[in-house]
Protein chains: 2
Amino acid sequence: MKNCVIIQSGGPTAAINASLAGVIDQAKKMGYDRIYGAINGIAGVLRHHLIDLTEKLDEEDFLDKLMVTPAMYLGSCRNRMPDPIAEPAQYEQMFAFFREMNIVAFFGIGGNDSMDTVAKLSAYAAKTDSPVRVMGVPKTIDNDLMQIDHTPGFGSAAKYVAASMLEMAHDTMIYPVKSITIVEIMGRDAGWLTAATALARNTYSDAPQLIYLPEVPFSITECIEDTERLLRERNSVLIAISEGIRDKEGKYISASDSAVDKFGHQQLSGAGKALEHILGQALGVKIRSVELNIPQRCGTHLASQTDLLEARALGEHAVKLVEQGKTGLMASLERIDGENYQVAYCGVPVAEVANGVRSVPRDFINERGNDVNEKMLNYLKPLIVGEPKISYVDGLPQFLDVSHLVSSVTF
Amino acid sequence: MKNCVIIQSGGPTAAINASLAGVIDQAKKMGYDRIYGAINGIAGVLRHHLIDLTEKLDEEDFLDKLMVTPAMYLGSCRNRMPDPIAEPAQYEQMFAFFREMNIVAFFGIGGNDSMDTVAKLSAYAAKTDSPVRVMGVPKTIDNDLMQIDHTPGFGSAAKYVAASMLEMAHDTMIYPVKSITIVEIMGRDAGWLTAATALARNTYSDAPQLIYLPEVPFSITECIEDTERLLRERNSVLIAISEGIRDKEGKYISASDSAVDKFGHQQLSGAGKALEHILGQALGVKIRSVELNIPQRCGTHLASQTDLLEARALGEHAVKLVEQGKTGLMASLERIDGENYQVAYCGVPVAEVANGVRSVPRDFINERGNDVNEKMLNYLKPLIVGEPKISYVDGLPQFLDVSHLVSSVTF
């Protein structure tokens, strides 16, 4: 018997199940007998809560449906594993379970916290000469993992925010009145996803006219100046901001005392609402803020086919790496220089990925710090291309049944 | 020369341009020489700001692209016209302009405010024996117009909120922790669109578990009770609320003093944030609120084909009514009793539509007032069926160029 186990962890993306489909498909092809999924990440391994994904393959179109099912089919967790050298108890228990279940390979699909788990399992395996091979598969809508050109899940979220921005551009230009619309995008530490709103620009609309990322200190004064200038030339101004914008002292705009003090209001919410209040007071025009919120990370109906196919290929590549005898890596992809967009798959040491954050380089942002430039656009453009085939029944997209995640047990 | 003019007004929907396409197409077929569109609603007529839509028909696939272009292709306005008998000056000017331009028919596409405009023009035309025929074409995502089974734009918005709710159900069930997600939906006075979140329910997910509409007085105590009970049985609770929920004194929850007093926080935003704060304090679990905001009314990429085709047919029917010598009507539709969903088109006196609001009947809501029932589901189901063919280029939906709306002029 040669079995493997897969976990998913961290926050949802539209593509994380495409990676799961890739691992399952390739593991089946490479002769694994049982492909287990642990429910709720590493906690599911510790609690021996596995489902047999090999059996699911008998269900009609299981992998095709899995490809387009949003969020984690296996559930998630936010557990942080202890140091495997100082506190080996949980690892001992897990690896004993692996032996018992004939599990020879472990696949962890997730972001940088999840890669920390993968790195720790891999360190423990190395220390104990375990035959279990440990492999990471990347995902995050934030696109902020180290050692990879871009992360699965990002392209789909980027497409969602760009398409929504374009539709909002149409929505906001209909009235002959001055108005400001602030759109708050996810990404606390990295501005990649907020930058992707620039993809909405076309021959007739330059919305968003301003883009603020967390990588550049946010100046309220300059933002007011820039918005005021734009409002002289046009009626409707759209501003894309990252939820993580902060001032030059590093204080988040959402929690900024200035907003509370100046206007005597307690801020209950994020950067968008805070800026809505600040600009509204300063400029006195119609203003609203839109927080795209969780739909931007689970909006599979608007996924990027490029993203889904790469996510799947990374899952497949992780299995291939294991079969080549590799361990302690994360399946990764590089962009190949050339006229047409192309990527090559590789493996990178997972320890070099864990806990790092890849910010937007300063030279992808304009000098004033209120927009992205051509370099960013060229980087982003290929990532949102293509639409998956999604089945609709009675007007709604059809996803996989995830009733195995419905539970009242907390841990 | 036999010409006509079309206006669009009120708030955006995903289907209002489908009605415009219907009017243009049918007017062309019925021998109109020039089909004018007034920019920014009735204000465009008063300012003589017209574009010649007949010329646009030469552009490739103009009507097909118009069908799926979100918001008003002709722009909008919120002007309220004066009484045509007491203050006829603006009407005199407009009808003189109609004569000058050989305009014999006026089509107003909009909601109940817009039908008020149509009713007033029609009253003026009747009083002055003008040969100009005046016809309304309905739209509103709120579905609250009188004298129609359901309004164009509603089905697409309903599909958007239902699909987003389903994706959020996947997103929120991944963690083994107790959590509440509140989703705030548009509809200040009528709960139709909030009710449509119930369409997201399927064999594996009953989200949203609670639905609160403005038609039933909202009790904070009961909402806390209901949520607490649900949290005992499951980890993730999704609650759909209308932006217009109010307590038994008729006070909006968003502006409710109770929230301010009890918790010492000033509320800057709507019902979702207010309830997030109230339930979070009362139940002490992970909580967030999502305001679907303007994307729900302009998300054409997720439009209902049933809705778009009906919107177009209503535009066509409005022209047919004019050609039958009718005036002062709104093109409308009735649902035909029977096993399969079917509608019949008709005309209703526009004065009976103007300024009325059709609320959700009490017998579409369960007794406790925290959910909708089978009657509502049967009413809603057919309205979201079908997906339009939308062209994507470089990963983004392709809409019509609306640069004619970009302006710095306010009025």
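Everything that follows concerns the structure shown earlier in this document.
Keep in mind that this is a model prediction, so the values were computed, not measured.

## A few points about the overall build of chain A
Argument step 1. A tally of regular secondary structure across chain A gives 14 helices and 13 strands.
Argument step 2. Relative to its length of 411 residues, chain A is compact, with a C-alpha radius of gyration of 23 Å against a globular reference of 22 Å.
Argument step 3. Each principal axis of the C-alpha distribution contributes one length, and for chain A these read about 70 × 50 × 45 Å.
Argument step 4. Looking at the 411 residues of chain A, the share that counts as buried comes to 59%.
Argument step 5. Of the contacts formed within chain A by residues at least 6 apart in sequence, a portion of 75% connects residues at least 24 apart.

## Thoughts on the packing of helix α9 (residues 220–233) of chain A against helix α11 (residues 271–283) of chain A
Residue and element names in this part refer to chain A.
Argument step 1. Relative orientation of the contacting elements α9 and α11 amounts to 55°, with a least axis distance of 11 Å. The angle between α9 and α11 falls in the class oblique. In the packing of α9 onto α11, the handedness of the crossing is right-handed. Listed contacts from α11 to Ile220, Ile224, Thr227, Glu228 and Leu231 of α9 are Ile278, Leu279, Ala282 and Leu283.

## Considering helix α9 (residues 220–233) of chain B
All names here are of chain B.
Argument step 1. Its 14 residues place the ends of α9 21 Å apart at the C-alpha level, agreeing with the 20 Å of an ideal helix rising 1.5 Å per residue.
Argument step 2. When we look at burial in α9, the residues that qualify are Cys223, Thr227 and Leu230. In a view along the axis of α9, the buried residues occupy a sector of 60°, so they form one face of it. Away from the buried face of α9 by more than 90 degrees, exposed residues Thr221, Arg229 and Arg232 are located.
Argument step 3. In this structure, the buried residues of α9 make contact with β6 (179–185), β7 (210–212), β8 (236–242) and α11 (271–283).

## Here we look at the nonpolar core
Nonpolar side chains tend to gather and get buried jointly when the protein is soluble and globular.
Argument step 1. Counting residues in each nonpolar core, the largest one holds 274 residues, and the members touching the most others are Ala158 and Ala162 of chain A together with Ala158 and Ala162 of chain B.
Argument step 2. With residues up to four places along the chain from it excluded, the contact list for Ala162 of chain A reads Ala196, Thr197, Leu199, Ala200 and Ile384 of chain A together with Leu396 of chain B.

Here is what the cut-offs are and how they apply
- Residues numbered from 1 in each chain as written.
- Chains lettered and ligands numbered in written order.
- Predicted model: local features only at pLDDT ≥ 70, side-chain atom pairs only at ≥ 80, totals over all residues.
- Helix = DSSP H or I, 4+ residues; strand = E, 2+ residues; numbered from the N terminus.
- Rg over C-alpha atoms; globule rule 2.2 N^0.38 Å.
- Buried ≥ 20, exposed ≤ 12 C-beta atoms within 10 Å, placed from the backbone.
- Contact = placed C-beta atoms within 7 Å.
- Axes fitted to C-alpha atoms, helices over the stretch in contact; angles between N-to-C directions.
- Parallel < 35°, antiparallel > 145°, perpendicular 65-115°, else oblique.
- Left-handed = near helix turned anticlockwise from the far one by under 90°.
- Expected span 1.5 Å × (residues − 1).
- Arc of directions from axis to C-beta.
- Core = buried A, V, L, I, M, F, W, Y, C linked by C-beta atoms within 7 Å.

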